[in-house]
Amino acid sequence: MGIVVLTMKASVIEMFLVLLVTGIHSNKEMTKKIKRPKFTVPQINCDVRAGKIINPEFIVKCPAGCQDPRYHVYGTDVYASYSSVCGAAVHSGVLDNSGGKILVRKVAGQSGYKGSYSNGVQSLSLPRWRESFVVSGETTKAYQSPSAPGTTAQPVPLMQVLGTAAAEGTHTTLSKPPPSAGSTTSSLRPQPVGQRSQELGEPELWKPGSVLLDAGFVPKKELSTQSLEPVSQGDPSCKVDLSFLIDGSASIGKRRFRIQKQFLADVAQALDIGPAGPLMGVVQYGDNPVTQFNLKTHMNSRDLKTAIEKITQRGGLSNVGRAISFVTQKFFSKSNGNRGGAPNVAVVMVDGWPTDKVEEASRFARESGINIFFITMEGASENEKQYVLEPNFANKAVCRTNGFYSLNVQNWFSLRKTVQPLVKRVCDTDRLACSKTCLNSADIGFIIDGSSSVGTGNFRTVLQFVANLSKEFEISDTDTRIGAVQYTYEQRLEFGFHMYSTKPDVLNAIKRVGYWSGGTSTGAAINYALEQLFKKSKPNKRKLMILITDGRSYDDVRIPAMVAHHKGVIIYAIGVAWAAQDELEVIATHPARDHAFFVDEFDNLYKAVPKVIQNICTEFNSQPRN
């Protein structure tokens, strides 16, 4: 019996050992089968922005050449997610221009980003952005995997999740790890290696080109609503402040009003609205104009199109002139988002013809630096022209009557064809002739010394100097205007601002000025010019007095010059030969070094022309434009 028991025990022990050995062998085989996939760090292009990558933390490889200034970077150390990822890495010093691997962590948006020059990259300033990121070269930890299931994991590399997402083929956003992975809101944790591959059958390796950006990888309907799509900053090649005056009168009808709104939406889309590009507001007119939204209300095309869709028709008459006056006086203001340095453009849409006059209102708008475009739909027929209050109203209103500022549409259904022609013209800032510049926005009065010491020959040289300066300006009744006073002991108005409205007429008038001869009372001449010339200057014009003299004045110049400065007249004092430098500096606007000039003889006067023009324009460009 005892032998039998011992034999049975031996058999049980033998079976246990066999099972144990078999289990160990099977475990080894399983371990061999479950191999960790070898992942490759994905390479991105230099122009990829951080906001386009949804991961809160990821590793990528940057190519060489990302130091190029076309890859914009915003901020220093902490960068707005609108920045180039690789450009920021070079700026921060993590990479040089040869490229390499980087670790990127998303952080909260900042209230402001300060630009700086570092490592060959000039970063830009930005007022605020919704999301930021920081860059480091510490990518080693991101590759560490837990030694066993359940171990706390390190931050997930971008390519690991890319591989699993590509295998599932579902979404561009990264899947969140389960609670057992110990995930937090600040960083992602990887699944234990091999777990996903068991579910899928076999692991999928990341393939080049599979970088999961929040656009361009999966169908639009599958994109995550949580993705941070950066809003466009606008087209910088079309930086204009644009007002649309839309027809809301009763005569237009509901159907045509809807077509008009669709046209606005199409223009907004084509313009690429943004703070660095064009801004757009809308004024609807009927009996009275009303601002639907101003320049700073909507800062991108998407929001602008949504706002346009919500506009409702007001009805009433078609008072276009009143609407243009409203835009000139109230719309293009700093409080409404007018940027000053951007050209002001008003596009007026008219169904049929206006019920009030537009000429005077448009003239004031042009003189205020507003480029007026007219789009007219279904103009008056021959039988209807008798009802038009102001014939040829469009030509009386637009910035120039050269066809560039007028678009005539035969019927409302053809309106959509004018989207691209209008956008092209509005964005052609070099041809926006009514924008205020240093050469088209002044009333310039020449105060010419005709005393005996000048002499007939030198006086003709002075007149040539006056003509040479005048040639540099754009002269018309709405642009720069020229006037002239000659003085000795007495004063004479040679011609006023209103007398000549073309450049040839002004130049001919200068030639006809006759030499007077006499003493030198410069102070009295300044007072005379203020009363007889500048008192009739238009309120929206810069007032420039250019005084030319060859000697010291017999009367006081200090008080008259102070009065002129107080009235906003900018004085440029040009002395020749025996002129007194100290007197020139008293007469000239402060600082005297920019407004007082001296030449040793009359034949050298021509040399001062470029410097005078340069200083006039420098001063103009340093001041608010509107």
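The structure we're discussing is the one just above.
These figures come from a predicted structure and were not determined experimentally. (Residues numbered from 1 in each chain as written. Predicted model: local features only at pLDDT ≥ 70, side-chain atom pairs only at ≥ 80, totals over all residues. Heavy atoms only, no water.)

(A) Summary view of the sheet that holds strand β3 (residues 78-80). Pairing is antiparallel in the open sheet, where five strands are placed in the order β1-β4-β7-β3-β2. If you trace the sheet from one side to the other, it starts and ends with β1 (57-62) and β2 (75-76), each paired once. As paired strands, β3 and strand β7 (residues 131-136) are joined by two bridges and run antiparallel to one another. Each bridged residue has a counterpart across the sheet, and for Y79 the counterpart in β7 is F133. (Pairing = 2+ DSSP bridges. Helix = DSSP H or I, 4+ residues; strand = E, 2+ residues; numbered from the N terminus.)

(B) Looking closely at the state of the cysteines. What the rule picks out here adds up to five disulfides. Put simply, C46 and C66 are joined by a disulfide, and their sulfur atoms are 2.0 Å apart. The disulfide joining C46 to C66 has a torsion of about -80° about its S-S bond and is therefore left-handed. Here the residue C46 occupies a position in the loop between α1 (2-33) and β1, and C66 occupies one in the loop between β1 and β2, the gap between them amounting to 20 residues. The pair formed by C46 and C66 is uniform in burial state, with each residue classed as buried. When the cysteines of the chain that form disulfides are numbered from the N-terminus onward, they connect as 1-3, 2-4, 5-7, 6-8, 9-10. (Disulfide = S-S within 2.5 Å. Buried < 20%, exposed > 50% of the residue type's maximum accessible area, 1.4 Å probe, protein only.)

(C) Examining the sheet that holds strand β15 (residues 481-487) more closely. An order of β16-β15-β14-β17-β18-β19 is seen for the six strands of this open sheet, with the pairing classed as mixed. The open sheet is flanked by β16 (491-495) and β19 (596-599), the only strands paired with a single partner. Across the sheet, the mean angle separating the axes of adjacent strands is 20° when strand polarity is ignored. (Axes fitted to C-alpha atoms, helices over the stretch in contact; angles between N-to-C directions.)

(D) Spotlight on the pattern of salt bridges. Following the criterion strictly, the structure yields 16 salt bridges and no others. With a shortest N-O distance of 2.6 Å, R105 and E57 are connected by a salt bridge. Remark: E57 occurs in strand β1 and R105 occurs in strand β4 (residues 100-108); sequence separation between them is 48 residues. Taking the relative accessible area as the measure of exposure, R105 reaches 33% and is therefore partly exposed. By relative accessible area, which is 3% here, E57 ends up buried. Here R70 makes a salt bridge to D68, at a shortest N to O gap of 3.4 Å. (Salt bridge = Lys/Arg side-chain N within 4 Å of Asp/Glu carboxyl O.)

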